[in-house]
Amino acid sequence: MFKVINLCAEWQKSQDKQVFSNISFTLKENSITALCGINGIGKSTLLSLMVGIKPEGLRVSGKILLDNKNILLQKPKENARMISYLIQNEKCIWDISVRKLVETGRYVHQKWYETVTSEDEKIIDDAIYAMNLQNIQDKNVNSVSGGEFQRARIARALAQQTPYIFLDEPLASLDLRYQKDLISILNNLCKNGKTVFLSIHDINLAAACAQQILMMKSNGSGILEGTPEELITDRNLAEVFDCPLEIYRHPLTGKLQVW
């Protein structure tokens, strides 16, 4: 079980010190949870803390528990064996192929002196196939498009084979086809015992793909938690996005949408 308990974060050397406060929630297991909120509210900071990465100069209080162990006190490799993490903005500094990038997802399960096994190769193949990268797997990562690089990064997270997968804006740079494919992949992962947590700007995509939604309040003080049906209300949207929005139902899916 993954729980965040009364989490607060503030910068130690800044006039605008508070990032967020009073953040508490429990992830719904074997489901997709979408984190929403306005730009700059601290979604990426929250995600990084949830995998045990604390930015320099950030003061943090509260607890982040995975199976009753505090993530913030664990060693990075221990966390990486439990949580795959896709950061929002990444530039590859290595001169490697797409396949080699995906292969790095296996490193957390190996000793420093071990090489890639046949079992690792199969896992890498499956991840590459899942993200439809077969035709570009031998290309240099710095020569592919932004969308292809994003898919390669997601394949790396799949190859890591962790029970928890955390993704910061994973749909960015993906066209509609691959957005749909990724949502399908994530749902299938949940059916097979994974728990997915992602941040997303588009509240309509969140409502369409997630079973649980978290909304960070616009003043940074607290978080709203529930299903799309429970959370998408005029009052909650005003508290989170601080602007007038209209709510309607999608004519095909029947799910709540916002405009």
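Each residue is numbered by its place in its chain's sequence as written, counting from 1. Local features in a predicted model are, by the rule used here, given only for residues with pLDDT of at least 70; side-chain atom pairs are given and counted only at 80 or more, and totals for whole chains, interfaces and linings are based on all residues. To get the side-chain values, take all heavy atoms of the structure and skip hydrogens and water.

Notes on the sheet that holds strand β4 (residues 58-66)
On the basis of which strands lie adjacent, the open sheet formed by four strands has the order β2-β1-β4-β5 and antiparallel pairing. Edge positions in the sheet fall to β2 (18-26) and β5 (69-70), since each of these pairs with one other strand and no more. For two strands to pair, DSSP has to find at least two bridges joining them. Elements are defined by DSSP. Helices are runs of H or I of four residues or more, strands are runs of E of two residues or more, and each kind is numbered from the N terminus. Where β4 lies against β5, two bridges are found, and the strand directions are antiparallel. Counted as the bridge partner of Leu65 is Asn70 from β5. Together, β1 (2-11), β2 and β4 form the strand contacts of helix α1 (residues 43-50), whose direction differs from that of β2 by roughly 55°. Here a residue-residue contact requires only that any non-hydrogen atoms of the pair lie within 4.5 Å. To obtain an axis, a line is fitted to C-alpha atoms, over the contacting stretch when the element is a helix, and the angle between two such axes runs from 0 to 180 degrees between their N-to-C directions.

Thoughts on the side chain of Ser199
Mapped onto the secondary structure, Ser199 falls in strand β8 (residues 195-199). One polar contact links Ser199 to Asp168, side chain to side chain, over a distance of 2.5 Å. Any pair of nitrogen or oxygen atoms within 3.5 Å is treated as a polar contact; in protein, a donor-acceptor pairing is required on top of that, and neighbouring residues in sequence qualify only through side-chain atoms on both sides.

Section: the confidence of the model for the protein
When pLDDT is averaged along the protein, the result is 92; 98% of the residues meet or exceed 70. The predictor reports its confidence for every residue as pLDDT, a score running from 0 up to 100. Of all helices and strands in the protein, the one with the weakest mean pLDDT is helix α6 (residues 176-191) (90), whereas strand β3 (residues 32-36) scores best (97).

A look at the environment of Val116
Within the fold, Val116 resides in the loop between α3 (98-103) and α4 (118-130). In contact with Val116, not counting residues within four places along its chain, are Glu103, Gln110, Glu121 and Ile124.

As for the pattern of salt bridges
The salt bridge definition used is simple: a Lys or Arg side-chain nitrogen within 4 Å of an Asp or Glu carboxyl oxygen. Under the defined criterion, the tally for this structure stands at eleven salt bridges. Glu90 is the partner of Arg153 in a salt bridge, and the nearest nitrogen-oxygen pair spans 2.6 Å. A residue pair is termed long-range when its members are at least 10 positions apart, and Arg153 in helix α5 (residues 146-159) and Glu90 in the loop between β6 (83-86) and α3 qualify at 63 residues. Using a relative accessible area of 2% as the deciding quantity, one classes Arg153 as buried. Residue Asp126 is joined to Lys122 by a salt bridge in which the shortest nitrogen-to-oxygen separation is 3.0 Å. With Asp126 and Lys122 both in helix α4 and four residues apart, the pair spans about one turn of that helix. Whether a residue is buried, partly exposed or exposed follows from its accessible area with a 1.4 Å probe, protein chains only, as a fraction of its type maximum: under 20%, in between, or over 50%, in that order. Given a relative accessible area of 42%, Asp126 falls into the partly exposed group. Among the charged side chains, a network of salt bridges with common partners joins Glu90, Arg153 and Arg156.

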